[in-house]
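Structural description and commentary
Letter by letter, the chains look like this.
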Amino acid sequence: QFSRARRSPLPPPVVTMFKVLHYASLAYQTSQRLPILARLVELGTSSVATLLRCGSGAFVALGLEKCKRPEKTLKLYEFEGCPFCRKVRETISVLDLDVEVRPCPKETIKAMGQATDVSRFRKEVSDLGGKQSYPFLVDEGAGKRMNESEDIIGYLWQTYGEGATPPLSYRLGRKLDRMPLMMLPTLFRPCLEHGMLRVPSKAPKEPLELWGCEGSPFVRLVREALCVLELPYLLRNVAHGAAAKRAEFREKYGSKLSLPRKAAGAIQMPFLRDPNTGKELLESADIVRYLYATYQDGKMAEESWLDFCGVKKPVGDAAASSHTKTD
């Protein structure tokens, strides 16, 4: 879908869309140089991205207690900046499924459909018989491997959500699953480090563990970092209504919660556990800083959305990441 090989010129409306994303990313990067505004803009744009999907993924479906659960943990090959991957993640969150995410950000914006040894997991998709088109789902317990977001969504509902009732937020979000509406959240998280282009990193020995849900703007910030750093992680979805897993969270990590949250029986997300270092972190900003400081091993390529559509960048334009190192 997003990673297909491209040879012919893109249609003018698509070129215009990528130009808009390019200048939106420049505006975002400028805001991150202003200490007072940086965090407000980061949280604000992530929140707007959630609202533009009607909060889809923030609540679980009703009646899941009667639904089948996977025999083995699902594996999802995807990247955060892809709108087709987003709607699959929303479905997984609504169905209260855990999934091992293997991030497959782009190696470069300039060439589509590549799967070289540079990417940590893209070649794995090809080896498993998948196309270089994302998302790609592996359900080992059922012997299923599939591309195409709509096929994956249909399979997940039929297999793990039959008879369940999707929440209103998810139903509204599904009505927005058409172009150009699907791209609107990307307009507010427009930088390539927001889950689109890989940043060289050190591979962890074990997958990390992230507790959260698709509808949380705070969790999105952490997923973006995990994605571009190509860090595999077990996503423990704890959307509103996931009573059993929220109780499990409070039992395991309740000591880390504030007194008001404990009194209300609430949880806090995102929560990251890194078995490779023993770190356990709650705040999104702290988690993102930790991930880059611990795993980044080089600079992101200096590319922009204009490279995607083959438009020459104006002199002075930069694609420098707000998170990547400059030394």
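Residues numbered from 1 in each chain as written. Predicted model: local features only at pLDDT ≥ 70, side-chain atom pairs only at ≥ 80, totals over all residues. Heavy atoms only, no water.

With 90% of its residues at a pLDDT of 70 or more, the protein chain has an overall mean of 90. Low pLDDT, under 50, characterises residues 1-7; the stretch is placed with 33 contacts to residues that sit more than four places away or in other chains. Throughout residues 318-327 the model reports pLDDT below 50, and contacts reaching past four residues in sequence, or to other chains, amount to 23 contacts. (pLDDT = per-residue confidence, 0-100. Contact = heavy atoms within 4.5 Å.)

At a minimum axis separation of 9 Å, helix 8 (residues 217-228) and helix 11 (residues 284-295) run at an interaxial angle of 5 degrees. Compared by their axis directions, helix 8 and helix 11 come out roughly parallel. Together, F218, L221, V222, A225, L226 and V228 of helix 8 and S284, I287, V288, L291 and Y292 of helix 11 make up the contact between the two elements. Counted by class, the contact of helix 8 with helix 11 contains ten nonpolar, one polar and no charged residues. (Axes fitted to C-alpha atoms, helices over the stretch in contact; angles between N-to-C directions. Helix = DSSP H or I, 4+ residues; strand = E, 2+ residues; numbered from the N terminus. Parallel < 35°, antiparallel > 145°, perpendicular 65-115°, else oblique. Nonpolar A, V, L, I, M, F, W, Y, C, P; charged D, E, K, R; others polar.)

Per the counting criterion, the structure on display carries ten aromatic pairs. Seen in terms of ring centroids, Y77 and F136 are 5.8 Å apart; in terms of plane orientation they differ by 50 degrees. Their pairing is tilted. On the criterion of sequence distance, the pair formed by Y77 in strand 1 (residues 74-78) and F136 in strand 3 (residues 136-139) is long-range, its members being 59 residues apart. Overall, F136 belongs to the buried group, its relative accessible area being 2%. Ring geometry for Y155 and Y160: centres 6.3 Å apart, planes at 90 degrees, overall edge-to-face. (Phe/Tyr/Trp six-rings, centres within 6.5 Å; stacked < 30°, edge-to-face > 60°. Buried < 20%, exposed > 50% of the residue type's maximum accessible area, 1.4 Å probe, protein only.)

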